[in-house]
Amino acid sequence: MSWAESWIVKELAEIKDAGLWRSFRSVQGAQEARVKINGREVVNLCSNNYLGLANHPRLHEAAQKAVKKFGCGGGASRLICGNNVLNDELEERLARFKREERALVFSTGYQANMGIIPVLTGRDGIIFSDRLNHASIIDGVRLSRSKARIYPHCDPAGLRKEVEEAGGYDRGLIVTESVFSMDGDIAPLAEIAQVAEEKGLMMMVDEAHATGVLGENGRGAVNEQGLAGELTAVMGTLGKALGSFGAYICGSNELIDLLINRSRTFIFTTSLPPAVLATAIEAIKLLETNDTLRRLLWANTKYFSKELVQLGFDVRVSESPIIPLMIGENDLTMEFCRRLLERDILIQGIRPPTVPKGSARLRITLMATHSREDLEKALEALKDIGRELHII
Ligand SMILES: *Cc1c(COP(=O)(O)O)cnc(C)c1O
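Now for a description of the structure that goes with this document. On a predicted model such as this, the values are computed, not experimentally measured, just so you know.

Here we look at unusual backbone geometry
Then, number 1: Cis rather than trans, the peptide bond between Pro-352 and Pro-353 has omega equal to 5°.
Then, number 2: Relative to the assigned elements, Pro-353 resides in the loop between β12 (348-350) and β13 (360-365).
Then, number 3: The phi dihedral of Asn-38 falls on the positive side, at around 50°, and the residue is not glycine.
Then, number 4: Note on placement: Asn-38 falls in the loop between β1 (34-37) and β2 (40-44).

Remarks on the environment of Met-114
Then, number 1: Following the sequence through the fold, Met-114 ends up in helix α5 (residues 109-121).
Then, number 2: Along the primary structure Met-114 and Ile-138 are separated by 24 residues, whereas in three dimensions their C-alpha atoms are 8.5 Å apart.
Then, number 3: Those residues in contact with Met-114 that lie beyond four places of it in its chain are Ser-136, Asp-139, Gly-140, Leu-143 and Thr-265.

A closer look at the packing of aromatic side chains
Both the distance between ring centres and the angle between the ring planes are used here to describe each pair of aromatic rings.
Then, number 1: If you walk through the whole model with that rule in mind, you get three aromatic pairs.
Then, number 2: Note on Phe-128 and Tyr-169: the rings are 6.3 Å apart at their centroids and 70° apart in plane angle, and the pair reads as edge-to-face. In this pair, Phe-128 sits in strand β4 (residues 126-130) while Tyr-169 sits in the loop between α7 (156-166) and β6 (172-177), placing the two residues 41 residues apart along the sequence.
Then, number 3: Aromatic side chains Phe-313 and Phe-336 sit 6.4 Å apart centroid to centroid with 45° between the ring planes, which places their arrangement in the tilted category. Of this pair, Phe-313 sits in the loop between α13 (292-311) and β10 (322-328) while Phe-336 sits in helix α14 (residues 330-342), and the two are 23 residues apart along the sequence. There is no split in this pair, since Phe-313 and Phe-336 are both buried.
Then, number 4: Directly above the aromatic system of Trp-21 lies the positively charged group of Lys-16, at a separation of 4.4 Å from the ring centroid.
Then, number 5: Its guanidinium or amino end placed over the ring of Tyr-303, Arg-372 lies 3.7 Å from that ring's centre, counting from NZ or CZ.

Quick word on helix α6 (residues 135-144)
Then, number 1: Every buried residue of α6 is listed here: Ser-136, Ile-137, Gly-140, Val-141 and Ser-144. Down the axis of α6, the sector holding all buried residues measures 140°, keeping them to one side.
Then, number 2: Looking at the packing, one finds that the buried side of α6 touches α5, β4, β5 (147-151), β6 and β7 (202-206).

A word on the site of the ligand
Then, number 1: Neighbouring the ligand are 15 residues, the closest being Gly-109, Tyr-110, Asp-206, His-209 and Lys-240.
Then, number 2: Asp-206 places a side-chain nitrogen or oxygen 2.6 Å from a nitrogen atom of the ligand.
Then, number 3: Between the ligand and His-209 there is a distance of 2.6 Å, counted from an oxygen atom to a side-chain nitrogen or oxygen.
Then, number 4: Summarising the interface, the protein chains cover 83% of the accessible area of the ligand, which totals 380 Å² for the free molecule.
Then, number 5: Taken together, the elements giving at least two residues each to the shell around the ligand come down to α5 and β8 (233-237).

Scoring rules and cut-offs
Residues numbered from 1 in each chain as written. Predicted model: local features only at pLDDT ≥ 70, side-chain atom pairs only at ≥ 80, totals over all residues. Heavy atoms only, no water. Helix = DSSP H or I, 4+ residues; strand = E, 2+ residues; numbered from the N terminus. Contact = heavy atoms within 4.5 Å. Phe/Tyr/Trp six-rings, centres within 6.5 Å; stacked < 30°, edge-to-face > 60°. Buried < 20%, exposed > 50% of the residue type's maximum accessible area, 1.4 Å probe, protein only. Lys NZ or Arg CZ within 6 Å of the ring centre and 35° of its normal. Arc of directions from axis to C-beta. Near = heavy atom within 4 Å. Polar contact = N/O pair within 3.5 Å; in protein donor to acceptor, adjacent residues only side chain to side chain. Areas by Shrake-Rupley, 256 points an atom, 1.4 Å probe, with all protein chains shown as cover.

Such coordinate-based values are descriptive only and should not be taken to indicate function.
Right, dumping it as structure tokens:
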């Protein structure tokens, strides 16, 4: 390392001193309710693979067939020669599944949010963004160079106040997640949509953690709250409950045409590989015809959150398979994590800047494929360590 780069060492030391050091744990094998880490089988309570589809036999088969027929790589961007027909099929299925006019597939959720927000508001617009929105939304807002106003979390009255204080603007957008990724609570979408309508604002919802989880057959919270086809844009990911990879945006025919022509994170990137597209298609087919996995997911969620409350943990309101077990302090959170792993339980600690300062937590996520035995083992460890560390 050269003298010119010595700042890197200093910066790394600062990260360590703040208790914010991040590093990997390597998973040896497929994404399942139990995974192998350092040769030991651990109960996995931190995956977004809510339905266990990431290693589902039907998705395997779809991927293998797609590789045989279409090969491995996407080849080029969609607008050059990378628009494999599986893209079209996936988009048609997604639009039908979400009950929206049309859908457009993006390479990742991060790119989808970064790609749409600047298109919607242009430089001179204004964006009203929930205080706890995901990093990809925050970066989309920044990239747009529009004015941004942060409204209090899931608070339509607070949002209305922000809008009224903001005064005049050309194009305005409200953006929120439906299920919040680190808190697991659900935005009051109908009330927010009412503010949007009253004030002549566009509205966009990120359904990364709602797709496959909420609404009829996993159609999402927008569907569940009766807003399908009513909003400017509904974004979601394919890499979480759907067990594949990538993301999509649903909206009007005109919106999708505009994105194809203007969205830089869509235009200037390689198409998803055929196997990824095929597994996403298969996941949607599976959800449309069979709700069993989703029911198992919810049964596990209800059981686990009830037990955590009974043990005396602060888990806030948990309205989804994401359960935040609040701790507060960074080091204590990571110590809890370490001790859990010694007991063969994998739950990640979440610290700032992913969550607000002073609100470090264990983020627990349930899966459809957890057995009762898995959950009991985890509860036992949580109880013992929670007491050792004086959290309960
Ligand atoms: C995971 C996530 C994303 C990003 O999606 P990727 O496909 O993983 O890039 C965007 N928004 C929210 C709320 C998320 O949780």
